[in-house]
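Summary of structural features
Each chain, written out:
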Amino acid sequence: MQVRTRFAPSPTGFLHIGGARTALFSWAYAKRFQGRFVLRIEDTDVARSTPEAVQAILDGMHWLGLDYDEGPFYQMQRMDQYKVVIQNMLAAGTAYLCYCSKEELDALREQQMQQGQKPRYDGRWRPEAGKVLPAPPQDVPPVVRFKNPTAGVVAWDDLVKGRIEISNTELDDVIIARADGTPTYNFCVVVDDWEMNITHVIRGDDHVNNTPRQINMLNALGAKVPEYAHLSMILGDDGQKLSKRHGAVSVMQYDEEGYLPEAVLNYLARLGWSHGDDEVFDMQQFCTWFDLDHITPSAAQFNTEKLNWLNAHYIKTCDIGKLAQDIAKRLAQAGVSDAPPAQLASALQLYRERANNLNQLAQDIHFFFTLPQANAADVEKHITPETLPIVADFAQKLQTIDWTAEAIHAVMNEVVTTHQVKFPKLAMPLRVMLIGIAQSPSIDQVMMILGREASIARINAYLS
RNA sequence: GUCCCCAUCGUCUAGAGGCCUAGGACACCUCCCUUUCACGGAGGCGACCGGGGUUCGAAUCCCCGUGGGGACGCCA
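In this report, we go over the structure that sits alongside the text. (Residues numbered from 1 in each chain as written. Chains lettered and ligands numbered in written order. Predicted model: local features only at pLDDT ≥ 70, side-chain atom pairs only at ≥ 80, totals over all residues. Heavy atoms only, no water.)

1. Notes on the protein's contact with RNA strand B
Around RNA strand B, 61 residues are found, and the nearest of them are G116, R178, R354, S440 and D444. Residue C100 places a main-chain N or O atom 3.1 Å away from a base nitrogen belonging to RNA strand B. When residues of the surface near RNA strand B are traced back to their parent elements, those giving at least two are α4 (102–114), β7 (162–167), β12 (300–301), α10 (304–317), α17 (424–435) and α18 (443–450). (Near = heavy atom within 4 Å. Polar contact = N/O pair within 3.5 Å; in protein donor to acceptor, adjacent residues only side chain to side chain. Helix = DSSP H or I, 4+ residues; strand = E, 2+ residues; numbered from the N terminus.)

2. A closer look at the pairing of strand β5 (residues 143–146)
In summary, the side chains of a regular strand alternate between the two faces of the sheet. In β5, alternate side chains face the same way, and those of V143 and R145 on one face and V144 and F146 on the other are all buried. Direction of pairing for β5 relative to strand β8 (residues 175–177): antiparallel, over a ladder of 2 bridges. Residue pairing for β8: R145 is matched across the bridge by I175. (Buried < 20%, exposed > 50% of the residue type's maximum accessible area, 1.4 Å probe, protein only. Pairing = 2+ DSSP bridges.)

3. Focus: the side chain of R458
Looking at the element boundaries, R458 is found in helix α19 (residues 452–463). Nearest to the buried, unbridged R458 among oppositely charged side chains is D338, at 11 Å. Ignoring sequence-local partners within four residues, the contact set of R458 consists of F367, F368, T370, L371, P372, M433, L434 and L450. (Lys, Arg positive; Asp, Glu negative; His and termini not counted. Salt bridge = Lys/Arg side-chain N within 4 Å of Asp/Glu carboxyl O. Contact = heavy atoms within 4.5 Å.)

4. Focus on the state of the cysteines
Going through the model one piece at a time under the given rule, you end up with 0 disulfides. Cysteine C287 shares no disulfide, and the gap to the nearest cysteine sulfur, in C318, comes to 20 Å. (Disulfide = S-S within 2.5 Å.)

5. Notes on the pattern of salt bridges
Pairing is possible between side chains that carry opposite charge, provided their charged atoms lie close to one another. All told, the structure shown has 27 salt bridges when counted by the stated rule. Between D122 and R124 there is a salt bridge, and its shortest N-O distance comes to 2.9 Å. A salt bridge links D173 to R126, with the shortest nitrogen-to-oxygen separation between them at 3.0 Å. With D173 in the loop between β7 and β8 and R126 in the loop between α4 and β5, the pair connects residues that are 47 residues apart, well separated along the chain. Judged by its relative accessible area of 5%, D173 is buried. Relative accessible area serves as the criterion here: at 9%, R126 is assigned to the buried category. Here the residues in one salt-bridge network are R6, R40, E42, R78, D192, D193 and E195, joined through shared partners.

6. Notes on the nonpolar core
L24, F286, I327, I365, F368, F394 and L430 are the most contacted members of the largest nonpolar core, which has 103 residues in total. It is helix α1 (residues 17–32) that provides the largest number of residues to this core, a total of 9 residues. With 31 residues, the next largest nonpolar core counts M79, V144, I166 and I198 among its residues. (Core = buried A, V, L, I, M, F, W, Y, C linked by side-chain atoms within 4.5 Å.)

7. Quick notes on the packing of aromatic side chains
What the rule picks out here adds up to 20 aromatic pairs. Ring geometry for W273 versus F286: centroids 5.1 Å apart, planes at 80 degrees, classification edge-to-face. Taken together, the residues span a long stretch of sequence, with W273 in the loop between α8 (261–269) and α9 (283–289) and F286 in helix α9 at a distance of 13 residues. Under the relative-accessibility criterion, W273 is labelled buried at 1%. Judged by relative accessible area, which is 0%, F286 ranks as buried. When the centroid spacing of 5.6 Å and the interplanar angle of 75 degrees are considered together, the rings of F281 and W289 count as edge-to-face. (Phe/Tyr/Trp six-rings, centres within 6.5 Å; stacked < 30°, edge-to-face > 60°.)

8. Re the sheet that holds β8
If you trace the 3 strands from one edge of the open sheet to the other, you get β4-β5-β8, paired in antiparallel fashion. Looking at the sheet topology across the chains shown, the edges are occupied by β4 (95–98) and β8. Averaged over all adjacent pairs, the angle separating strand axes in this sheet is 45 degrees, with direction ignored. (Axes fitted to C-alpha atoms, helices over the stretch in contact; angles between N-to-C directions.)

Below is the structure:
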């Protein structure tokens, strides 16, 4: 049997880190077993769903490289199917009309809460053998409810949490179609997972409570029940629950903040899942390893520092051409749009070793292409009456040498020796003059990339 | 309140009864490298929530506590 998974977000906001991980796991599971990965947009909440959110989700998945084999399917475009199924259920007696108003339901809920009971529908419109139903009110349009079994237990072997059993007495009759006729989430999921032949439902932990109801509906429809794998939630860096108000950010924001999708993907893969001691691996490797057995059932706290470490790794090892393209974009945002490609590549080759963030990297090499603003404290500390003559002597010799890091380095040694000072007496003021700050890779290499003309000009600006 | 779930270093995790004096990674600390800052290398600090069982033997199995989380919508 072919494995079929799906990612079914509701388009009420951007794709956040939790959703991204769910999508990643579903995607990887399908890949692992040469199955199919389906994207389904659950937009039946007309009031909250927006086209912008749909686009944001698509963008997020595209940035991460999570491609789908089928879809995107939109539930709002499948209304006809749902309605047919509802009619069939009504006819079969597995669903019924309920004329309770919202107000009535609210009152019931409140009363039950007060009495310390679990709030639930009391079944007043549920047809039962020998039971006399009230006359339907004229002014209340009915909803459709699923006739949930009243006895026995619903159980499934959750692929991450193990066996879960829930008594049917805990379950009430869910509304499967609203008063306006539109079907609700719990129902659409059932119909879609069934009709789309989903074999493995991998989704957030917050759906555990919906699962027994969905299984009951699947059974009522005579549909095969898929396997379920419920992923625990991801907590913020501070251990708090992520929400729109607190720390939940779009995956696209990671792009803006200087993260490579490879790093985010690798990080997410290891958040709640493991493969022995393996920490660094690409998605191709991941797709050969991923399984549901090694998913942790407990919640995981997001750790930005570890993400940073992975980001550094991928900045160091990614394709230089791709990196240059990305950095050029970021430089342009900072006002540098004419960086010579060869110089940019060299600068990146030198600086990528020490960066853990793309924005930082762009900022680090900014000085190659435009005059830096010197740090006053560094100027004061390193450009002194003592060092100035040393630099001047050095600048003099720069005119005629071969422009290679080795040659520059040799001249530096020479100057330092004749002046009988230690190497930093020359290197440090040079850094400040050329870069604006006192920290950099080997200054000879920096100069080599900066170029003879620019180097001499920047030094001379301090000598005159 | 009711139901469901979870519990190993600060964090992510390995661990399927003896391989565990509990392993790896991030972070942190020390040292080395060094032209400054990084990178890198070598070390170090640091955990099985508590209590009962079961067993020759428990981080691993069971029960009870405790703590955390989730769900109880004509939201998804």
